[in-house]
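Listed below are the residues making up each chain.
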Amino acid sequence: MGITARGAGLLVAAVVLLAAGFRFAYPELTVLGAAAAVAVGYALLTAAWRPRLTVGRRADPDRVARGEPARMTLTVRNTGRLRAANLVAEDRCGDRTVPVPVLRLRPGRDTEVNYDVPTERRGVVPVGPLRVTRRDPLGLVALARRYGEPVPVWVHPRVHPLNAVPTGAGRSLDGRVDSVAHGSITFDSLREYVVGDELRRVHWRTSARVGELMVRENVDTSLPRIVVLLDNRAGAHPDVVDGVAESFEAGCEAAASVVVAAIRADLPVALLTVAAGSADDGPPLDRLAAVHLVDDGADALRDATARLRQERLGDTLVFLTGPGGRADLGRLGTVRGAYPSVVVVVFAAGGPAPAGAAGMVVIDAADGAAFAAEWDGIRRW
């Protein structure tokens, strides 16, 4: 609860008038002071009354690509028995406020407001809660309350269509390694025959040895698995204008493009960030909407590459970094044994490939669209 400047002045006047009236025995001053005190007390009681409002929100849609339109529909209903008089309401949408007309909203009635959600920048735009301010008729006291829970609108990075996908490394149990475009079927184990199994899958040599029909179990072990490592270290993207590092935004667009292309091709894909703790959970595109730069040093890249070596998460590693990360590409050489194909994309940085980048495909791209063109131009992985 907040007392306005007018209310504070009137309260001070009440104290002074009452003190002077009693001190000097002036009943007129006492009456004026009492009236001022009563006015302030009435204002406090009036503003303290809590209007009964219910708030509903609907985002259409709640997930969009950067630059695509998104609308928010806000519905406010008066569920009380009294008219919601002297109310001023505004909804919070990102960094701006939207006025909501609730003044003298009748009982059982509702009001609806539609407005655009800003999607010019990638990120998670918080919408809400509704802030309702109640004032007394004299403007002495103002009390603000919050209604409804905030609703996030996910603004994903732009997705650029990619035509090329990496090849896989087939790892069969007999030790052979083949390069295939979309995976292959290889032997995994044997099990007993059950009714309905195809006879061509029966392993006759083993069946003859054990005395019962045994069937082959095959698995698709050579599907190309893609690992996307996004460099979200602040030092890798030093050029920041108006709070935005364009090289990092391009990296997010490239990560989204690779992830979407892999999903559309039914290929396994994993999304990682160099600095942990930045949007580690959730669907990949939601994580890319929420990811941000982290003030972390070279140790974060060292830890990330160590994890990649130990866990061997895939066959093709795609490392997306900015101009500040170009000098650290030598660290990726330590994962070459675990990942047959390593693709490095450096945004907003030109020049020859640095030392230590041998055996890796290094792409210099100005932005996400340039990356897509360079990516589709690669014929060998």
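These numbers were taken from a predicted model, which means no experiment stands behind them.

A closer look at the overall build of the chain
Okay, step 1: Helix and strand counts for the chain stand at seven helices and 19 strands.
Okay, step 2: Counting across all 381 residues of the chain, residues that qualify as buried make up 44%.
Okay, step 3: Surface exposure of the chain reaches about 19,700 Å², of which carbon and sulfur atoms provide 54%.

Some points on the nonpolar core
Okay, step 1: Core analysis: the biggest nonpolar cluster contains 29 residues, and Val-228, Leu-320, Val-345, Phe-347 and Phe-371 have the highest contact counts within it.
Okay, step 2: Of all the secondary structure elements, the ones that give two or more residues to this core are strand E15 (226-230), helix H4 (246-264), strand E17 (316-321), strand E18 (341-347), strand E19 (361-365) and helix H7 (368-377).
Okay, step 3: Element by element, the count of residues in this core is highest for H4, at 10 residues.
Okay, step 4: In this view, Leu-320 contacts Val-228, Leu-229, Leu-230, Asp-231, Gly-251, Ala-254, Ala-255, Val-345 and Phe-347; residues no more than four positions away in its chain are not counted.

A short note on the confidence of the model for the chain
Okay, step 1: Put simply, the chain has an average pLDDT of 83, and 86% of its residues get 70 or more.
Okay, step 2: Across the chain, element-level confidence peaks in strand E10 (residues 151-156) with a mean pLDDT of 96 and bottoms out in strand E12 (residues 177-180) with 44.
Okay, step 3: Counting interchain partners and residues more than four positions distant, the pLDDT-below-50 stretch residues 170-184 has 35 contacts.

Quick word on a positive patch on the surface
Okay, step 1: A cluster of basic residues, Arg-83, Arg-104, Arg-106 and Arg-109, forms a positive patch at the surface.
Okay, step 2: Summarising the element assignment, Arg-104 is placed in the loop between strand E6 (96-100) and strand E7 (110-116).

A look at the pairing of strand E5 (residues 87-93)
Okay, step 1: In E5, alternate side chains face the same way, and those of Leu-87, Ala-89, Asp-91 and Cys-93 are buried while those of Val-88, Glu-90 and Arg-92 on the opposite face are not.
Okay, step 2: In this structure, E5 lies alongside strand E8 (residues 123-135), joined through six bridges in antiparallel fashion. Across the sheet, the residue bridging to Leu-87 is Arg-134, located in E8.
Okay, step 3: Judged from the five bridges that link them, E5 and E6 form a sheet pairing that is antiparallel. Along E6, the bridge assignment pairs Cys-93 with Arg-96.
Okay, step 4: Counting the residues between successive antiparallel strands, the hairpin from E5 to E6 contains two residues, one of them, Gly-94, with a positive phi of roughly 65°.

Rules of the game
- Residues numbered from 1 in each chain as written.
- Predicted model: local features only at pLDDT ≥ 70, side-chain atom pairs only at ≥ 80, totals over all residues.
- Heavy atoms only, no water.
- Helix = DSSP H or I, 4+ residues; strand = E, 2+ residues; numbered from the N terminus.
- Buried < 20%, exposed > 50% of the residue type's maximum accessible area, 1.4 Å probe, protein only.
- Areas by Shrake-Rupley, 256 points an atom, 1.4 Å probe, with all protein chains shown as cover.
- Core = buried A, V, L, I, M, F, W, Y, C linked by side-chain atoms within 4.5 Å.
- Contact = heavy atoms within 4.5 Å.
- pLDDT = per-residue confidence, 0-100.
- Patch = residues over 30% accessible without salt bridge, like charges linked within 9 Å, V, L, I, M, F, W, Y side chains within 5 Å.
- Salt bridge = Lys/Arg side-chain N within 4 Å of Asp/Glu carboxyl O.
- Lys, Arg positive; Asp, Glu negative; His and termini not counted.
- Charge placed at Lys NZ, Arg CZ, Asp CG, Glu CD.
- Pairing = 2+ DSSP bridges.

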